[in-house]
Amino acid sequence: MAIDREQLLHVAHLARLEVGEHEIERLEGQLNDILAAVSKVSELDLSDVPPTSHPLEVVNVSAADEPRPCLTVEEALANAPEREGDFFKVPPGGTA
Amino acid sequence: MIDTLRLTAEEANAMLTQGDASSDEIYRAYLDAIGVRDPELHCYLHVCENDGGEGIPIAVKDVIGTKGIPTTAGSKILEGYTPVYDSTVVERLRARGLRILGKTNTDEFAMGSSTENSAFGPSHNPWDPSRVPGGSGGGSAAAVSAGLAPWALGSDTGGSIKQPSALCGNVGLRPTYGTVSRYGIVAFASSLDQVGPVARTVRDCAFLYSVIAGRDECDSTTVELPRPVEVPQDEDVRGLRVGVPKELNEAEGIEPGVTEAVRAAIAKLEELGAEVGECSLPLSVEYGMPCYYLIAPAEASSNLARYDGVRYGYRADAAERLEMYQRTRDEGFGDEPKRRILVGTYALSAGYYDAYYGQAQKVRTVIKREHDALFETFDALVSPTSPTVAFPLGARTADPLAMYLSDLLTIPSCMAGLPGLSIPCGLSEGLPVGLQLVGPQFAENTLFRLGHALERAIGFDTVPERLR
């Protein structure tokens, strides 16, 4: 499987990455080299093998529903690029 | 006068407890050494002028969150970010009185094998500054080798502790997945990331592991250690069964000098009384790298979605929100994170998920099973850590795939969640060669025993020749 210009731009949009015109050709070549290398996993017939998502055999745990110390509003906003009152401020935009 | 080049953490601590030097004097000695040698080596992205505590100093990789101390993960997108809380591992260091010297350089978001992907410039190998220190944790490994820290914390996803330790000639442990908290760590690939120690000796490495390991309520993937950490005392390895996987020792691209040093060390293990036998990991080595380079980018594409210019970090100027996200991420991320975000997003996207990510997760099961089967016969596996010694700066930057091969021998055990210890075992062309010991889950104590015995038998001088 290979990735073309159109797919590259689609994936970049999904990832909210702007890909400049000057980068497209180089990225397309590099991504296709990488995809060709990783596609090796499809050589194996693993229809009977279960997937591993986590290396340890652990089960889900739920924390007790008890209040614990957490960040103050000032701490949470301390690194904000822009704030207004107790809110993170962002530029306007409808669809994103 | 404190000679930081030779000082182990254990020795520094003894100076302190015997009253030969104060905590401040030891801390100051390291700051002085940093002032002299770091302009050439660039191990640190941030040096602390002081840090609270009564104990000995430590360096911390810059992907590990430190309250009040800048944490950038080597990325422009986090330039100027100062965490408002400590990661659990740093809390545990502080609880023992350890004092942070500074934050060490890393490939951006720990993605790389040379530190050349750091947005703030590469680190240099203390054995030969024209060569890389390995990566991603090259800053931590180089700092320990050059006497700019007695020990350090690193993080490892596919080899980022073990490979730099090998290239810089010191000891690094990637712990069993789940034994060290990831709370407060800049996430790369969550099912693989582990924090671990870098040190001059196996004993220091084991002690530092005992400080940071164990269940943390803030990271639900952590578990309590089934048995306490044992800092190795003697050189007795009689009866331990050590396997030599053919594929990990004979893979294409392993330099002859690396093979020679590792073979000599394996012969020493036999002399020490270990039972050494041949074995095989036919699929793990062949399919480990493709499996890793699907799973790690897939998880990274999800983890790095949080860098959107809204809550912290860099924000590009833009009039409209979508444009702000896209430009922030375009200007904030370097080439390697961008490549991995794109590969990962593609591998997870509709129509490709089963063929790529789903299949890679099944390969992961195969790798785990292959290792499990060997541990019915062996207590540990031995191989080179890195196929090559430290390579020249710039040698692999133009070709991402050539860089990826740097981790060929460390990746398989990472995929299976297994602990791995790298120790220096000799020189090739005047540069350190690392030996990798891999054990079953939670077998760190076995690795420490073997590593300590070998370290004593080999007598490797961890001080770079040019600094002696």
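Coordinates for the structure precede this section.
The present account deals with the structure reproduced in this document.

How each quantity is defined
Residues numbered from 1 in each chain as written. Chains lettered and ligands numbered in written order. Predicted model: local features only at pLDDT ≥ 70, side-chain atom pairs only at ≥ 80, totals over all residues. Helix = DSSP H or I, 4+ residues; strand = E, 2+ residues; numbered from the N terminus. Rg over C-alpha atoms; globule rule 2.2 N^0.38 Å. Buried ≥ 20, exposed ≤ 12 C-beta atoms within 10 Å, placed from the backbone. Contact = placed C-beta atoms within 7 Å. Pairing = 2+ DSSP bridges. Axes fitted to C-alpha atoms, helices over the stretch in contact; angles between N-to-C directions. Arc of directions from axis to C-beta. Parallel < 35°, antiparallel > 145°, perpendicular 65-115°, else oblique. Nonpolar A, V, L, I, M, F, W, Y, C, P; charged D, E, K, R; others polar.

What follows covers the overall build of chain A. A count of helical and extended segments in chain A gives 3 helices and 2 strands. In sequence order, chain A lays out its α and β elements as α-α-α-β-β. Whereas a compact globule of 96 residues would reach a radius of gyration of roughly 12 Å, chain A reaches 22 Å, over 25% beyond that. Looking at the 96 residues of chain A, the share that counts as buried comes to 16%.

Let us look at helix α6 (residues 202–212) of chain B. The buried fraction of α6 of chain B amounts to 9 of the 11 residues, a majority that puts the element mostly inside the structure. Along α6 of chain B, the positions that sit buried rather than exposed are Val202, Arg203, Asp204, Cys205, Ala206, Phe207, Leu208, Tyr209 and Ile212 of chain B.

With that settled, the discussion passes to the interface of chain B and chain A. With 54 residues of chain B in contact, the opposing surface of chain A contributes 43 residues. Elements with a minimum of two residues in the side of chain B that touches chain A: α9 (282–303), α10 (321–332), α11 (335–348), α12 (354–374) and α13 (400–404) of chain B. If you tally residues by element for the side of chain B that touches chain A, the top one is α12 of chain B, at 11 residues.

With that settled, the discussion passes to the pairing of strand β9 (residues 380–384) of chain B. Residue and element names in this part refer to chain B. Burial analysis of β9 places 5 of its 5 residues in the buried class, which makes it a mostly covered element. Here β9 runs beside strand β11 (residues 431–438); their pairing, made up of 4 bridges, is antiparallel. Counted as the bridge partner of proline 384 is leucine 435 from β11.

All names here are of chain B. A sheet is described by the order of its strands in space; here 11 strands give the open sequence β1-β3-β2-β4-β6-β5-β10-β11-β9-β7-β8, paired in mixed fashion. Both edges of this open sheet fall to β1 (44–47) and β8 (275–279), since each of them pairs with a single strand only. Averaged over all pairs of adjacent strands, the angle between strand axes in this sheet comes to 30°, irrespective of strand direction.

Bringing unusual backbone geometry into the picture now. The residue after glycine 135 of chain B, namely serine 136 of chain B, is reached through a cis peptide bond having omega 10°. Summarising the element assignment, serine 136 of chain B is placed in the loop between β3 (99–104) and α4 (138–145). In this structure, arginine 16 of chain A is a non-glycine residue whose phi angle is positive, near 50°. Along the chain, arginine 16 of chain A falls in the loop between α1 (5–14) and α2 (21–38). Of note in the backbone geometry, alanine 110 of chain B takes a positive phi value of approximately 65° without being a glycine. Inspection of the secondary structure assignment puts alanine 110 of chain B in the loop between β3 and α4. For alanine 110 of chain B, a count of 31 C-beta atoms within 10 Å translates into the label buried.

All names here are of chain A. Among all positions of α1, only Leu8, Val11 and Ala12 are buried. Buried residues of α1, viewed axially, fall in a sector of 100°; they line one side. A positive phi of about 50° marks arginine 16, the residue just after α1.

Residue and element names in this part refer to chain B. Running from N to C, helix α8 (residues 256–271) and helix α15 (residues 444–458) cross one another at 110°; their axes reach a closest spacing of 10 Å. As far as their axial angle goes, α15 and α8 are roughly perpendicular. Of the residues in α15, those touching α8 at Ala265, Lys268 and Leu269 are Leu454, Ala457 and Ile458. Per-class residue counts for the contact of α8 with α15 are 5 nonpolar, no polar and 1 charged.

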